[in-house]
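Chain and residue survey
Now for the letters of each chain:
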Amino acid sequence: MTLYESPCCPLCRQPPDTPSAVSYSAAEAAQHFVLAEEYPQRHAELRDHITGLWSRNDCRMYACRQCALTYAWPFVAGDGHFYNLAYPYSAYPAQRWEFLRTLDSLRGAPLQPGPVLEIGSGFGYFLGQLAPDHVAAEQVIALEYSDAGRAQLAAKGFQAMACDVRSASLDPWCGQLAAVFLFQVLEHMDDLHALTSRLNELTRPGAAIFVAVPNHDRTAFNEAHASLCDMPPNHISQWTPQALQRLADTAGWRLDRCEREPFRWSAFMRGDLVYAHMRRAQTPGTLSNKVRSRPRSGARQVAEAAVALAAMPARIPHWLAAVGRARSLGNSLWVRYQR
Ligand SMILES: [Zn+2]
């Protein structure tokens with residue numbers, strides 16, 4: 001794409017019919033990922049790198065009324081250097097609702113025989129539950145950029161590769177894949193049409209495609225209630241059930257099931273205390289900012305927990321705002337498509 005084009009929806013290709021309500025400067029984005037007060041040099045390098053990715057100093061968010069996708073413009077994904085600067089300490093949850101939901105779905109509707117592909121495998125926590133019950137380990141291809149992740153994937157017997165799904169390295173599997181898994185990956189990716197075309201090349205007819213993305217309703221709630229923003233260029237799209245249906249229409253897939261993660265108050269309140277603290281820390285001079293600017297240590301962790309907890313009375317009005325709409329605020333959306 002040309003960065004200087006006027007905005008248009010990366011999914012349905014319509015121009016926006018309402019102006020952007022939210023924009024972020026490269027400095028604001030960099031402060032979201034790396035505090036200038038904690039790591040001044042890395043923050044400055046990240047800010048300049050984001051400016052380079054955007055080819056300008058700011059990024060605008062648009063909500064498409066045609067397909068219900070919210071997207072960043074310029075619609076440019078973070079590259080390897082961005083992730084190394086923004087997330088030097090990668091950690092992955094060992095269990096997620098969408099892993100269990102997918103495994104449960106496979107019990108009712110098993111995969112066709114054949115190789116399967118996961119894009120963004122992390123340490124292989126999902127694949128370790130998929131194989132060997134649903135597919136032999138040697139039939140699993142795992143795409144993962146992190147070296148530490150690939151080492152763990154290879155140790156579990158999977159074919160771990162560092163390439164993009166659009167790379168020719170995957171050509172040997174054209175027309176063969178029985179399933180593809182994209183968990184918390186789609187919202188990081190640009191060029192959605194190239195992605196769906198590539199998945200159609202790689203998969204066999206009848207293949208299953210499983211996708212999980214952050215739930216836009218939850219993201220919008222967080223942003224409206226002084227919690228963390230869904231910051232580009234990490235996440236560059238925000239998905240709704242309607243947009244996930246539109247993705248199926250674009251690709252020529254059938255949407256078999258689309259579900260929202262059940263909402264749990266305990267996890268919500270715990271996460272909200274942490275995220276609201278992290279958001280406050282982005283403002284220089286706040287107590288959260290001062291504590292998070294100190295060197296990482298056990299003592300800092302304790303101080304951060306105390307500061308996050310002390311803000312609980314200020315969070316209660318936001319929690320009350322979640323009452324009555326809690327059912328729409330689960331973390332993830334999960335979809336099973338059939339090609
Ligand atoms: Zn659209």
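If you're wondering where the values come from, they're calculated on a predicted model, not measured in any experiment.

Things to note about the packing of aromatic side chains
The full count for this structure, using the stated rule, is 19 aromatic pairs. Judged by centre distance (5.8 Å) and plane angle (70°), the ring pair of Phe33 and Tyr87 falls under edge-to-face. Remark: Tyr87 occurs in the loop between α3 (80-86) and α4 (97-108) and Phe33 occurs in helix α1 (residues 26-33); sequence separation between them is 54 residues. Residue classification places Tyr87 among the partly exposed positions, given a relative accessible area of 37%. Relative to Phe123, the ring of Tyr92 has its centre 4.9 Å away and its plane inclined at 85°; by these criteria the two rings are edge-to-face. With Tyr92 in the loop between α3 and α4 and Phe123 in the loop between β4 (116-119) and α5 (127-130), this residue pair connects regions lying 31 residues apart in the sequence. When its relative accessible area of 14% is taken as the criterion, Phe123 is described as buried. In this structure an aromatic cluster arises from ring pairing among Phe99, Phe126, Phe181, Phe183, Phe210 and Trp334. Residue placement shows Arg42 over the ring face of Tyr39; its charged tip is 4.5 Å from the ring centre.

Describing the coordination of the zinc ion
Coordination of the zinc ion by the protein involves Cys9 (SG), Cys12 (SG), Cys64 (SG) and Cys67 (SG), with metal-donor separations of 2.3 Å. Considered as a linear motif, the donors of the zinc ion on their single chain read C-x2-C-x51-C-x2-C. With Cys12 in the segment before β1 (22-25) and Cys64 in the loop between β2 (58-63) and β3 (70-73), this pair connects stretches of sequence that are 52 residues apart. The two residues Cys12 and Cys64 agree in class, both being buried.

Looking at the sheet that holds β4
Pairing in this open sheet of 7 strands is mixed, and the strands run β6-β5-β4-β7-β8-β11-β10 from one edge to the other. Taken across any chain shown, the strands that pair with only one partner, and hence form the sheet edges, are β6 (159-161) and β10 (254-260). Recorded for the sheet is a direction-independent mean angle of 15° between the axes of neighbouring strands. Note: β4 against strand β7 (residues 177-183), 4 bridges, orientation parallel. Paired with Glu118 across the strands is Phe181, a residue of β7. Strand contacts of helix α7 (residues 192-202): β4, β7 and β8 (203-214), with the helix running at about 140° to β8, the strand carrying the most contacts.

Let's talk about the sheet that holds β2
Working definition: the strands of a sheet are paired by backbone hydrogen bonds and lie parallel or antiparallel to each other. Taken together, the 4 strands give an open sheet; going across it, the order is β1-β2-β3-β9, and neighbouring strands pair in antiparallel fashion. Bordering the open sheet on either side are β1 and β9 (237-238), each of which pairs with just one other strand. Pairing of β1 with β2 involves 4 bridges; the strand directions are antiparallel. Its bridge partner being in β2, Ser23 is matched across the sheet by Arg60.

Some thoughts on the environment of Gly252
Tracing the backbone shows Gly252 in the loop between α9 (241-251) and β10. Once the C-alpha coordinates of Gly252 and Tyr337 are considered, the two residues, 85 residues apart in sequence, prove to be 10.0 Å apart.

Quick look at a nonpolar patch on the surface
Taken together, the side chains of Trp265, Leu309, Met312, Ile316, Leu320 and Val323 present a nonpolar region at the surface, about 540 Å² in accessible area. Following the sequence through the fold, Trp265 ends up in helix α10 (residues 265-280).

Observations regarding the pairing of β8
Extensive coverage of β8 is indicated by the burial of 9 of its 12 residues. In this structure, β7 lies alongside β8, joined through 6 bridges in parallel fashion. Within β8, the residue paired with Val180 across the bridge is Ile209. Between the parallel elements β7 and β8, the chain passes through α7 in a crossover that is right-handed. Bridge count between β8 and strand β11 (residues 332-338): 7 bridges; the pairing is antiparallel. Among the inter-strand pairings, Phe210 is bridged to a residue of β11, identified as Arg336.

Some words on the domain arrangement of the protein chain
Along its sequence, the protein chain is organised into domain 1 (22-86), domain 2 (97-263 + 330-338) and domain 3 (265-327). Opposite the 6 residues of domain 1 that make contact, domain 3 presents 9 residues. Taken as a group, Leu35, Glu37 and Glu38 account for 68% of the area that domain 1 buries against domain 3, more than any other trio of residues on that side. Here domain 1 and domain 3 share 2 salt bridges between them. Residue Glu38 is joined to Arg296 by a salt bridge in which the shortest nitrogen-to-oxygen separation is 3.2 Å. Counting across the interface, domain 1 meets domain 3 through 5 residue pairs in polar contact (both at pLDDT 80 or more).

Conventions and cut-offs
Residues numbered from 1 in each chain as written. Predicted model: local features only at pLDDT ≥ 70, side-chain atom pairs only at ≥ 80, totals over all residues. Heavy atoms only, no water. Phe/Tyr/Trp six-rings, centres within 6.5 Å; stacked < 30°, edge-to-face > 60°. Helix = DSSP H or I, 4+ residues; strand = E, 2+ residues; numbered from the N terminus. Buried < 20%, exposed > 50% of the residue type's maximum accessible area, 1.4 Å probe, protein only. Lys NZ or Arg CZ within 6 Å of the ring centre and 35° of its normal. Donors = N, O, S within 2.8 Å, 3.2 Å for Na, K, Ca; no water. Pairing = 2+ DSSP bridges. Axes fitted to C-alpha atoms, helices over the stretch in contact; angles between N-to-C directions. Contact = heavy atoms within 4.5 Å. Patch = residues over 30% accessible without salt bridge, like charges linked within 9 Å, V, L, I, M, F, W, Y side chains within 5 Å. Areas by Shrake-Rupley, 256 points an atom, 1.4 Å probe, with all protein chains shown as cover. Salt bridge = Lys/Arg side-chain N within 4 Å of Asp/Glu carboxyl O. Right-handed = clockwise from strand over helix to strand, strands pointing away. Domains from an automatic or database assignment. Buried area = accessible area lost by both parts, 1.4 Å probe. Polar contact = N/O pair within 3.5 Å; in protein donor to acceptor, adjacent residues only side chain to side chain.

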